[in-house]
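So you can see what is in the structure, the chains are spelled out below.
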Amino acid sequence: MAKDDGDDGDTGTFKVTEGWLKGEARTRVLGLQGWLQSGPDYATLGEYASESGVHKGLQSGSGTLGADATLHKVFTQLCSSLKTQLDAIGDGFTTLSIDMATVDTILQNSEDDAALTAAEMNMELANALKEFGGAPTAPPSP
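Since the model is a prediction, treat every value here as computed from it, not as a measurement.

1. Things to note about the pattern of salt bridges
Piece 1. Under the definition given, this model contains two salt bridges.
Piece 2. Of the charged contacts, one joins Lys83 and Asp87 as a salt bridge, the two residues approaching to 3.1 Å between their closest N and O atoms. Here Lys83 and its partner Asp87 are both found in helix H3 (residues 68-113), four residues apart, which amounts to about one turn of the helix.
Piece 3. You can call Lys83 partly exposed: its relative accessible area is 23%.

Next comes the structure, spelled out in structure tokens:
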């Protein structure tokens, strides 16, 4: 990402340079995804999301929390739901990184792809008008 030449930093605008989406931006998104879906907290959440055992440190306490078995079940459901949502966010980051690489490629190739001459554009517009029963008008003289 490059700062615009006349930008003093107070406008909040930036210019995406060639390669930035596929490079630095994609690396940051994938880094965020890795942070979100790895590490001991994510692993512990996965353990809590399963019905497989004891949830260390989970205590029912007193009052309206209910029996240990009920608390265990509700906590497991909560962790399972949270893990599902984190996985969906992680999948979204993966998709975003692929989309950024695709957009970067499109932007880099756009100059070559946009080599439509004025004559070709007029021909395409005339063809489109014919499809709808219209007739092209003469282009303005330069």
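Once the structure has been displayed, the description carries forward.
2. With respect to helix H2 (residues 40-49)
One turn of the α-helix equals 3.6 residues, which is why residues spaced by three or four share an orientation.
Piece 1. Listed as buried for H2 are Tyr42, Leu45, Tyr48 and Ala49. Relative to the axis of H2, the buried residues are bounded by an arc of 120° and lie together on one face.

3. Brief notes about the confidence of the model for the protein chain
Piece 1. The predicted model of the protein chain averages 75 in pLDDT, with 66% of residues at 70 or higher.
Piece 2. Within the protein chain, no element has a lower average pLDDT than helix H4 (residues 118-131), which sits at 73, and none a higher one than helix H1 (residues 21-36), at 86.

4. Details of the environment of Gly31
Piece 1. Tracing the sequence through the fold places Gly31 in helix H1.
Piece 2. Taking the C-alpha atoms as reference points, Gly31 and Phe93, 62 residues apart in sequence, are found 9.5 Å from one another.

5. Considering the nonpolar core
Piece 1. Leu21, Ala25, Cys79, Leu86 and Met100 are the most contacted members of the largest nonpolar core, which totals 13 residues.
Piece 2. Not counting residues up to four positions away in its chain, the partners in contact with Met100 are Leu21, Ala25, Arg26 and Val29.

6. Digging into the side chain of Gln33
Piece 1. Along the polypeptide, Gln33 turns up in helix H1.
Piece 2. Owing to a relative accessible area of 17%, Gln33 belongs among the buried residues under this scheme.
Piece 3. In this structure Gln33 touches Gly90, Phe93 and Thr94, once residues within four positions along its chain are discounted.

Reading the values: the criteria
Residues numbered from 1 in each chain as written. Predicted model: local features only at pLDDT ≥ 70, side-chain atom pairs only at ≥ 80, totals over all residues. Heavy atoms only, no water. Salt bridge = Lys/Arg side-chain N within 4 Å of Asp/Glu carboxyl O. Helix = DSSP H or I, 4+ residues; strand = E, 2+ residues; numbered from the N terminus. Buried < 20%, exposed > 50% of the residue type's maximum accessible area, 1.4 Å probe, protein only. Arc of directions from axis to C-beta. pLDDT = per-residue confidence, 0-100. Core = buried A, V, L, I, M, F, W, Y, C linked by side-chain atoms within 4.5 Å. Contact = heavy atoms within 4.5 Å.

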